[in-house]
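Now for the letters of each chain:
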Amino acid sequence: MEPAWRQQGRGRGRGQEAQADRTRPPQRERDRPGVNPNQRQSDRQTDRPGVNTNPAAPTGVWAAGRGTKHKSAPTPQPQHVVSAQSNSAATTGHQHGASVQSKFEEIRKCNQEAAQRLVESALTSSSEEEDDDVAVDRSDGKRGKILESTFTSYTHQTGGDAAALVRTGQYVSELFQSGALTCLICIASVKRTQAVWSCSSCFSLFHLPCIQKWAKDSAFLVSSVTDEDFGQKQHPWPCPKCRSEYPPSATPNRYLCYCGKLQDPPVDPWLAPHSCGSVCQKDLKPSCGHTCLLLCHPGPCPPCPKMVSVSCLCGKASRLPRRCSNKSWTCQQQCGKLLLCKQHKCTQPCHSECSPCPRVSVQQCVCGREKTERPCANPEWNCTQVCGAPLSCGNHSCEVLCHDGVCPPCPRSVSRACPCGKTKSSLPCTEEVLPCGDTCDRRLSCGKHTCSMRCHRGNCETCRQEVDRECRCGKYRKLLPCHKEYLCDSKCPKTRGCQRHQCRRKCCPGNCPPCDQNCGRTLGCRNHKCPSGCHPGSCYPCPESVEVRCSCGVSVLAVPCGRERSTKPPRCKETCRSPPTCHHPERETHRCHIGPCPPCRQTCVKALPKCTHTCPQPCHDMVLVKSQQVQLAGPWEQRSEPAFVKKALPCPPCEVPIPTSCFGEHEVSPVPCHRRGRFSCQRACGRPLSCGNHDCSKECHLVTESKTCEVCELDCSRARPPGCPHPCKRLCHRDDCPPCKQMIRQRCHCKISLLYIECTKWTSADKQTKVELGSCNNQCPKELSCGHRCKQVCHPAVCEEKCQQKVKLRCPCKRIKKEFLCSQSDQCVECDDTCRDQQKKVSQVKEAEEKAAQEEEQKKLQEELEAFEKRQQRGGRRNKKRGRREEVEEERGRKGWLWFLLVPLGGAVLSAAAYYLLTTTP
């Protein structure tokens, strides 16, 4: 129940709230002389928590009737006070005072009853919380006993070690928490009295009717989409959470316990819900030959706790007793087994199966022609060479790549047929089978017509016969070549299996494909969207689970996604860990709870501003303060803000007397801490100026960031460092003078460039540094005696005469070229035997070309002589013109022979020159 000052008035009840404020006399009437202090005490009793004490409320009294307003009247006084007043009051005045007195008494009784109800509700709620805590404690003790009885047979085998029972214990403990288990199909809580079914993969619990309907609907949807013979095949159905598939025969039709031994297990308060209470005895996974030792339980079976005697993985060590669930162990000795390569031994420590050999060795290919380094784990390999061995026919060779064993028989030695297959012949493998000349008649790719060409090699051509073809959807027909498919442009208007989108496929034959869009609808949890493809009907429930924690996060309750808003956080016995909202480092110790923490009752002890004292008042960082509300015009209006808000009140001013000095700290006088202020004593300030050399001459004044002592405007009189001719440009100052940043101008060592150097660098540099600063870092422009330029950077003194530049020298035949330093240029390069041999070869080539040219010329002259003798032997009469034509032709022939001799001779000379140049060039 909310307190009275929190309740907003509705209708007639609001008048009672307002009357308690407005019937109280004004402050000036209560404090005037003649008012009975007992009356003031009775008025103060109404100013307690739970009663509206807003001073801004109207002073009039609102009647019980809605919308009726009465004028305010003075508060009735005691009888002896009334008798002391003037006796001239009228009788009507006494009657009006009596009516106001009765109304005031009525309103006060109503307020007292409301306060009493508030106290009773607070006591009731606190007692209920205590009862709930006791009930939780009792349920926790009972739950612990049930868990202990369930795990007793297991812990006896492990000596009390329950580390492997954490996951199974979580499943069992969730059965006892209300709202922790939810059926993901109907999104309702699973109660201990309802028939359930548990998945063997994810161990989730579902209502038995829900899972039966789920299995039936899943098989129906799959068969309606995939089967042409609707409903004839048996399709599996998936688990709603983990999607593990179950055959139709595994559809649950009976309510069984977790181990499957008892049908319709009875409700036993000392057993886990839906459990038969007997030993589970399920085969453990991985299979070891033992069974589960726990009582009938939800969730996975724990690891096997039995003790067995086993040897190490390699089998060398002796047997040791170990847990069956962790029986594999290694002796850490070297394995030493021979690997599959039959060359090396395993060097790894004790293990079960040896890995492939990691070494590399030289291995032959399958045919034995090539050898290469390969991993020992893969010794067999094939090279890229063709076998080439002669086949059994004796005419052809094997064309298969590297292989082992006998070569295959000759592919042409078997009985062969013509390309169309009608004529068969047994020709030798050296002869080709020719086409038979008959019609091909092979079936074309269309499957309806045959090839009309003569027997031929290769594939048949595409079928080009025109047929009356119907489109895929069957609406239109058209004459087309047989190899072409006819698709019309009409789009399918049918709705796909999702019942949301149209097919819109061109020329659809009616078997519309499944919808390829995503569902994307918001699931029932309102947190996630459906990730499946577009589907009809409702989406699967959200498989995610959300943790609901207490304020400190220690107590956790796992609920299905979407139930976290309506699930009450679990109770927690830990201490509240909420950080304090005030300035104190820690809160007062109290239990973890939901909602805001109670107000802090510690002493403020906060350092007051502008002093070193602390606040002695209680903590006032979060205090309920009346909000500044606007005066309501009538009972029909509602307050827009709460009557009280939490605010941080400032600390009161400090009253401790503090001795205060003047601005210049010449006099001291006591002043209250919050009023202390410094003053001027009219004396000289005397504070040292910022320069550190002079004092302030002003009258005693306050020094702040904006008001400081005078600034010294005298020039600096400090001595300059030796060698610096420039004065300090700063005014009088405390610290050392800054380094001189002015530039000094001077010539470099080579007298070409003009350098600018900082005064500080030049005066503080040593001899070597001055040499570096005086260099322009360019190459020296001076020439050595040999004629080359000095290679050093700009330097003082004389250049070194030892020239390090390289020069090239050649032999007399210009073939050999060598490099020497300029200082060693007096050396010479002589020809070697190679140069002499090349000169001999060139002279021999020239002699051979000249000799060939002479022989060619003699041969041509001999031919001309023989031609002339033949013409002389013919004789007879010849036409003059014919004789002249022959003379002209003979003259042209002589010129042609001359060019024929000159061209080869010039080519020989050019080739000899080119050969000489190529051989002489290094």
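It should be noted that the structure appears before, not after, this text.
Source: prediction; values computed, not measured.

K.L.:
Got a sec to walk through the overall build of the chain? Specific residues and values, please.
P.N.:
From N to C terminus, the chain includes twelve helices and 26 strands. Across the 922 residues that make up the chain, the buried fraction comes to 28%. Within the chain, residue pairs in contact and separated by at least 24 positions form 31% of the contacts whose partners lie at least 6 positions apart. Carbon and sulfur atoms form 51% of the exposed surface of the chain, whose accessible area is close to 62,200 Å².

K.L.:
Outline the pattern of salt bridges, supporting the account with residue identities and numerical values.
P.N.:
A full pass over the atoms with the stated rule returns twelve salt bridges. Between D438 and K422 there is a salt bridge; the shortest N-O distance is 3.5 Å. Linking D438 in the loop between β14 (424-425) and β15 (466-470) with K422 in the loop between β13 (416-417) and β14, this pair joins segments that are 16 residues apart in sequence. Given the relative accessible area of 40%, K422 is considered partly exposed. Close ionic contact of D468 with R477 constitutes a salt bridge, the shortest N to O distance being 3.3 Å. Residues joined in a network through salt bridges with shared partners are K422, D438 and D441.

K.L.:
Give me the side chain of S661: which residues, what numbers.
P.N.:
Examined against the element boundaries, S661 turns out to sit in strand β21 (residues 657-661). Note on S661: relative accessible area 18%, which makes it buried. Setting aside anything within four residues of it in sequence, one finds S661 in contact with E667, V668, R678 and F679.

K.L.:
Account for unusual backbone geometry, naming residues and giving values.
P.N.:
Within the chain, R243 stands out as a residue other than glycine whose phi angle is a positive 65°. By the secondary structure assignment, R243 is in the loop between β7 (237-238) and β8 (245-246). In this structure R243 comes out as partly exposed when scored by relative accessible area, which is 35%. For V605, which is not a glycine, the phi torsion comes out positive at approximately 50°. Mapped onto the elements of the fold, V605 is located in the loop between β18 (556-560) and β19 (623-626). Owing to a relative accessible area of 52%, V605 belongs among the exposed residues under this scheme.

K.L.:
Account for the pairing of strand β23 (residues 743-747), naming residues and giving values.
P.N.:
By the bridge criterion, five bridges tie β23 to strand β24 (residues 754-758) in an arrangement that is antiparallel. When the sheet's bridge partners are listed, R745 is paired in β24 with Y756. The antiparallel hairpin formed by β23 and β24 contains six residues in its connecting segment, where K751 sits at a positive phi of about 65°.

K.L.:
Report on a nonpolar patch on the surface, specifying residues and quantitative values.
P.N.:
Side chains of M743, L754 and Y756 sit close together on the surface and give an oily, nonpolar patch of about 310 Å² of accessible area. In this structure, Y756 sits in strand β24. By relative accessible area, which is 51% here, Y756 ends up exposed.

K.L.:
Any details on the packing of aromatic side chains? Residues and values, ideally.
P.N.:
Evaluated as defined, the whole model comprises four aromatic pairs. A centroid spacing of 5.7 Å and a plane angle of 55° characterise the contact between W197 and W237, whose relative ring orientation is tilted. With W197 in strand β5 (residues 196-198) and W237 in strand β7, this residue pair connects regions lying 40 residues apart in the sequence. Note on W197: relative accessible area 12%, which makes it buried. By relative accessible area, which is 1% here, W237 ends up buried. Taken together, W197, F206, W237 and Y246 form an aromatic cluster joined through their ring pairs. Cation over ring: K770 sits above W762, and NZ or CZ is 5.5 Å from the ring centre.

K.L.:
Tell me about the side chain of S275, residues and numbers included.
P.N.:
Structurally, the position occupied by S275 is in the loop between β8 and β9 (307-310). The class of S275 is buried, set by a relative accessible area of 4%.

K.L.:
Any chance you could break down the pairing of strand β11 (residues 360-364) for me, citing the residues and the numbers?
P.N.:
Burial along β11 is one-sided: S361 and Q363 are buried, and none of V360, V362 and Q364, which face the opposite way, are. Of the strand pairs in this sheet, β11 and strand β12 (residues 371-375) are connected by five bridges, and their pairing is antiparallel. Paired with S361 across the strands is R374, a residue of β12. Linking two consecutive strands that pair antiparallel, namely β11 and β12, is a turn of six residues; a positive phi of about 85° is found at G368 within it.

K.L.:
So what's going on with the nonpolar core? Residues and values would help.
P.N.:
One finds W197, F206, I211 and W237 to be the most contacted residues of the largest nonpolar core, which totals 36 residues. The set of elements that each furnish at least two residues to this core consists of α7 (166-176), β5, β6 (205-207) and α8 (208-226). In terms of residue count, α8 provides more of this core than any other element does, five residues in total. Residues within four places of W197 in sequence aside, it is in contact with S204, L205, F206, L208, I211, W237, Y246 and P252. One finds C418, V433, C440 and C455 within the second-largest nonpolar core, a separate group that totals nine residues.

Rules used throughout
Residues numbered from 1 in each chain as written. Predicted model: local features only at pLDDT ≥ 70, side-chain atom pairs only at ≥ 80, totals over all residues. Heavy atoms only, no water. Helix = DSSP H or I, 4+ residues; strand = E, 2+ residues; numbered from the N terminus. Buried < 20%, exposed > 50% of the residue type's maximum accessible area, 1.4 Å probe, protein only. Contact = heavy atoms within 4.5 Å. Areas by Shrake-Rupley, 256 points an atom, 1.4 Å probe, with all protein chains shown as cover. Salt bridge = Lys/Arg side-chain N within 4 Å of Asp/Glu carboxyl O. Pairing = 2+ DSSP bridges. Patch = residues over 30% accessible without salt bridge, like charges linked within 9 Å, V, L, I, M, F, W, Y side chains within 5 Å. Phe/Tyr/Trp six-rings, centres within 6.5 Å; stacked < 30°, edge-to-face > 60°. Lys NZ or Arg CZ within 6 Å of the ring centre and 35° of its normal. Core = buried A, V, L, I, M, F, W, Y, C linked by side-chain atoms within 4.5 Å.

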